[in-house]
Amino acid sequence: MSNPKFKYAPISVFLFPFYNLACGILLCTDGDDSLYPIAVLIDELRNEDVQLRLNSIKKLSTIALALGVERTRTELLPFLTDTIYDEDEVLLALAEQLGNFTMLVGGPEYVHCLLPPLESLATVEETVVRDKAVESLRKISQEHSPVDLEVHFEPLVKRLASGDWFTSRTSACGLFSVCYPRVSSTVKAEIRQHFRTLCSDDTPMVRRAAASKLGEFAKVLELDYVKSDIISLFTALASDEQDSVRLLAVEACVSIATLLPQEDLETLVMPTLRQAAEDKSWRVRYMVADKFSELQKAVGPEITKNDLVPAFQNLLKDCEAEVRAAAANKVKEFCENLPEDSRETIIMTHILPCVKELVSDTNQHVKSALASVIMGLSTILGKDNTVEHLLPLFLAQLKDECPEVRLNIISNLDCVNEVIGIRQLSQSLLPAIVELAEDAKWRVRLAIIEYMPLLAGQLGVEFFDEKLNTLCMAWLIDHVYAIREAATCNLMKLVEKFGAEWAQNTIVPKVLGMANDPNYLHRMTTLFCINSLSEACGQEITTKQMLPVVLKMSNDQVANVRFNVAKSLQKIGPVLDSSALQTEVKPVLEKLATDTDMDVKYFAQEAISGEFSSINVLTE
Amino acid sequence: METTKLPPTSPSSPTTGFSVPSAEKVDGFPRRSMRRARQRRSHSSSQFRYQSSQVELTPLPLLKDAPVAELHDLFCKKLQQCCVLFDFLDCVADLKGKEIKRAALNELVESVATSRGVLIEPLYPEAIKMISVNIFRTLPPSENPEFDPEEDEPTLEASWPHLQLVYEFFLRFLESPDFQPSMAKRYVDQKFVLQLLELFDSEDPREREYLKTILHRVYGKLLGLRAYIRKQINNIFLRFIYETEHFNGVAELLEILGSIINGFALPLKSEHKQFLVRVLIPLHTAKSLSIFHAQLAYCVVQFMEKDATVTEYVRHTFSVVKGCKSPVMFLGEIEEILDVIEPSQFIRVQEPLFKQISACISSPHFQVAERALYFWNNEYILSLIEENCQVILPLVFATLYRVSKEHWNQTIVSLIYNVLKTFMEMNSKLFDDLTASYKVEKQKEMKRERERTELWRGLEEQQERRLQTLGEASRNQKNLQERGESAQPSSPQTALPEHPDLDLSGAPSTT
């Protein structure tokens, strides 16, 4: 009678677009609630078994729908509000559900009914639950009319903000910014006062929450209040006694600086930012480094030139590796966003010397962070500078003792390729690639394989055949399966790049040769290669060269090889023509279907039913 | 340093014939030993930010040779000398300076510990300054981001040769008979204590050990700081539980608290009860519970011994701690608590307690079940059970009966038989009644289960029906609109976007 899709999709998906209409219908179909007395439904929510309780809560919308909007408001919600004492997982599900409940209580007009249970959830100890409750509250705040917002929502925020235990106060911090824009100026003044109080709360948890919402709150405030209120709060939080609070102020700094007119930045923001960049705690300095591009955009080119350049130099030379790595990650973005008129000079005289030092840093994370962005500098500096200044650094990093550094260089070759062409590097590139290809860590080998198609494209077919082909073949017999698998996939991509003819001459013979290998795993690799190559190589090569080998392998003494033959035949079927299928493939599969091994039989039958059912349709 | 590179397997020619060494035959591929001995991590240190101009230290005369008149002056100079910090990562840098400072520190320790009358008022700010400069620093990022205190070697503090002496000096200073709390409190203030508490996150266990003793002394001697210290420890714990799940010094702080709780006055203040319920009990849910469980259990038991009525609060344990990551540890703590519980208090907690215990007994993990069943070996607990057999037996009977038939582990099965036998001896009448009603109960349960499924099926069908009505209604409305008639003037047209999934009724009902 109905579309099965309905069963599984969340109700809100369907209901949301039909707000007004749906309310009307729900109201008028309230009649059959006699079927489900609330007690029965509530029993479901009280089941002793947590898992069952959780399932019921997750389907709370179904229950609410069965009750109708009025009884949901008058009976279900009070019950939920009174019984909030449960496993965190159940509470989390409840907090999430209630965010989508507006419709089920009768639409925006009644949305404030959802506030009491969410208020209790917002005071729970477990952070995840609390955050979800706040998220839901923020969501439904948008559905409140301006009047309801002042009558119902804002008092709730105030109650939370002046709660005894830190949990409610932390939750309040996230709610100010959603109601501020839509309330009267007296209420606005109260909200600002509450936020101020929380910024100097005596528990660090609350101050952290306030600091993390400072930027968001600043955005909804009128500019005058940003200058008068926010700046003093920002300054206070940025010099908090705990570094966990100070570092959050750095984030707020970005939003605040964006809001203020350029002429005020120097006096209002910069003293604090300078202080943060030299904070005695590395966590704060790390945060500055991590947010450097955002800060740079927010303060504009002049301050960048005068203040941020020296600050960035210091961060690149910081005594903690964590900070240096975070700063190194930003080198390219920072340089890119420098004002054009002085970009080159700044990079050459201030940034590059630091970068040069980082190339031989003692910490590998710093070096690999640098290696992941350093190539990007070549587009900014142009050909001559790249050859003269950057190339030696690339080459040094290509020889770095840490594989990750080399890998990061290789993975970004395309940037250099555009500027100076890859030939400049190829002499150093090759040994680096070879070494990575044979690295003891298989994850490193895997990573380099993934760059092979890219490298092949940039180095050209000749270079590839000469230097890299052997590597690609060697991976096929790596002792780690993931490498062999990646190697087959790599071959496919190479064939897509260089064409079927190239495949026929260079790859296919070697792959097929492995079919006679004494090691059955190597023989299987042949099959895996055929699986992925057949399509790229086309019908002729597949039928003439690959198929005979596959068919021959159906007599292999190892069952694993035989059932992979069945799988391969199914896989390459679509590439073959129907006569080959009927005359060659079918008999072999039929023979395999009578194999003594259970698995071989199974896969052979699978292949027969998969392939020939579709073929028959075609031939008919 | 060169990365160890192993010879590549010969790629072109897999071993001819079948002469693969037998040890490698498992998958036919030559195995390479990939495991390298774990590299010993170098002992890095918090990196002090140096004073830009490094002062050259010159040795001062020995304290013991100084004439009494000049003693304090010299003491003060030595304290100032010890404010100079050295780079310990470079172990050969400025060896002479390091040695001078070490000797000076040794002398200071010795002098504070042995001679009387050294600690006069002007020395307090100098001493506290020297201590602050040396010990307060932002702890460095952990060498190992996934540092597991149970498995990994901690990173040790490189400047320990000096740092230890500074801590030693601080400790002797606090313990000196000349120590005057009224003078010290001007310098050892809230800010100082807060920084001291932050150091408890140090990875170096030696440093935490010193800090523990020192904080304990500070708590003991500077009464004005007590409430503040407790509050800040609360904050550290709450942050640990709900925000970071990382703090190296939890065990040490709990140890201090254990003795603090011991000294609480009766009746317990609500602040302390709140601490038990909102901090100590939630600590049980931490992932790294095993590291500080002993200290935590001690604190909880201390509370119990202080004031038996806190059982009411410990009751929370049984529900809150359901989320506990290691039930075996939790059960151990429950047993410790039960050992000191008053029979009258026991009655108040027995219901939630035995529900929890029966849940543990039915755990498929035999260690958990076993630990729970061991409760019946504890004589005091057994006597409590016997007294309340009427209540407890019905709570656990069904579980015991079921698990005795189903559990995979023979030890558990035989332990359960013993427990059942004990119960039979305690109250054979009740036991027989329960056995008789077991089947009936079981059937009732199955019936309830069927009803539940039925209920949900009904609910979901109803939901579908309503959605369908909705879908049709929206179609009707759309049709109407297409004809240019406004069906419901109240609903704006934009509220009705076409929803692909709602195309369900096949033929739209026409007007």
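From a predicted model like this one, the values you see are computed outputs, not experimental measurements. (Residues numbered from 1 in each chain as written. Chains lettered and ligands numbered in written order. Predicted model: local features only at pLDDT ≥ 70, side-chain atom pairs only at ≥ 80, totals over all residues. Heavy atoms only, no water.)

1. Quick look at helix H6 (residues 60-82) of chain A
Residues separated by three or four positions in an α-helix point in the same direction, a consequence of the helix having 3.6 residues per turn. We apply this condition: Every helix listed is a DSSP run of H or I at least four residues long, and every strand listed is a run of E at least two residues long, numbered separately from the N terminus. Expected helix span is taken as 1.5 Å per residue step, with the number of steps being one fewer than the number of residues. Take the seven residues that end at a residue and the seven that start at it, fit an axis to each, and the angle between those axes is the bend at that residue.
Relative to the 33 Å expected for 23 residues at 1.5 Å per residue, H6 of chain A spans just 16 Å between its end C-alpha atoms, considerably shorter than the ideal helical length. The largest bend along H6 of chain A measures about 115 degrees and falls at Gly 68 of chain A.

2. Notes on the UniProt feature "domain: Phosphatase 2A Regulatory Subunit A helical" (unreviewed entry) in chain A
To keep it simple, the criterion reads: UniProt positions are given in the numbering used here, feature names are shortened, and annotations may be inferred rather than shown by experiment.
Listed under "domain: Phosphatase 2A Regulatory Subunit A helical" (unreviewed entry) in the UniProt record, and renumbered for this structure, are residues 114-295 of chain A. Taken end to end, residues 114-295 of chain A is 79% helix and 0% strand, and its first and last C-alpha atoms sit 39 Å apart.

3. Re the confidence of the model for chain B
Residue and element names in this part refer to chain B. We count it as follows: pLDDT is defined as a per-residue confidence score from the predictor, taking values between 0 and 100. Contacts are assigned to residue pairs that have any heavy atoms within 4.5 Å of one another.
The pLDDT averaged across chain B works out to 76; a share of 78% of its residues lies at or above 70. Low pLDDT (under 50) marks residues 1-53, which in the prediction has 94 contacts with non-local residues, meaning those over four places away or in another chain. Low pLDDT, under 50, characterises residues 485-511; the predicted model gives this stretch 44 contacts beyond four residues in sequence or across chains. Scored by ipTM, the complex comes to 0.71, with pTM at 0.75.

4. Structural notes on the pattern of salt bridges
All names here are of chain A. Here is the rule we go by: A pair is scored as a salt bridge if a Lys or Arg side-chain nitrogen falls within 4 Å of a carboxyl oxygen belonging to Asp or Glu. Here's how the labels work: a residue is buried when its accessible area is under 20% of the maximum for its type, exposed when over 50%, partly exposed in between, all with a 1.4 Å probe on protein chains only.
Tallied over the entire structure, the rule returns 55 salt bridges over all chains. For Asp 556, the salt bridge is made with Arg 523, and the minimal N-O distance between the two is 2.7 Å. Here Arg 523 lies in helix H33 (residues 520-537) and Asp 556 lies in the loop between helix H34 (539-553) and helix H35 (559-572), a separation of 33 residues in the sequence. For the pair formed by Asp 556 and Arg 523, the shared burial category is buried. For the salt bridge of Asp 595 with Arg 562, the shortest nitrogen-to-oxygen distance reads 2.9 Å. Note that Asp 595 is positioned in the loop between helix H36 (578-592) and helix H37 (598-619) and Arg 562 in helix H35, a separation of 33 residues in sequence. Of the two residues examined, Asp 595 and Arg 562, each falls in the buried class.

5. Side note on the packing of helix H11 (residues 289-306) of chain B against helix H13 (residues 327-340) of chain B
All names here are of chain B. Selection criterion: The axes used here are C-alpha line fits, helices contributing only the stretch in contact, and every angle between their N-to-C directions lies in the interval 0 to 180 degrees. In what follows, roughly perpendicular refers to angles from 65 to 115 degrees, roughly parallel to angles under 35, roughly antiparallel to angles over 145, and oblique to any angle outside these ranges. Working rule for handedness: look at the near helix, and if it is turned counterclockwise from the far one by less than a right angle, call the crossing left-handed; if clockwise, right-handed. Residue polarity follows a fixed list, in which Ala, Val, Leu, Ile, Met, Phe, Trp, Tyr, Cys and Pro are nonpolar, Asp, Glu, Lys and Arg are charged, and the others, Gly among them, are polar.
Packing of H11 against H13 brings their axes to within 10 Å, and their N-to-C directions diverge by 20 degrees. Taken as axis vectors, H11 and H13 run roughly parallel relative to one another. The handedness of the crossing between H11 and H13 comes out as right-handed. Contacts between H11 and H13 involve Leu 289, Ser 290, His 293, Ala 297, Val 300, Val 301, Met 304 and Glu 305 on the former and, on the latter, Met 329, Glu 333, Glu 336, Ile 337 and Val 340. Classifying every residue of the contact of H11 with H13 gives eight nonpolar, two polar and three charged.

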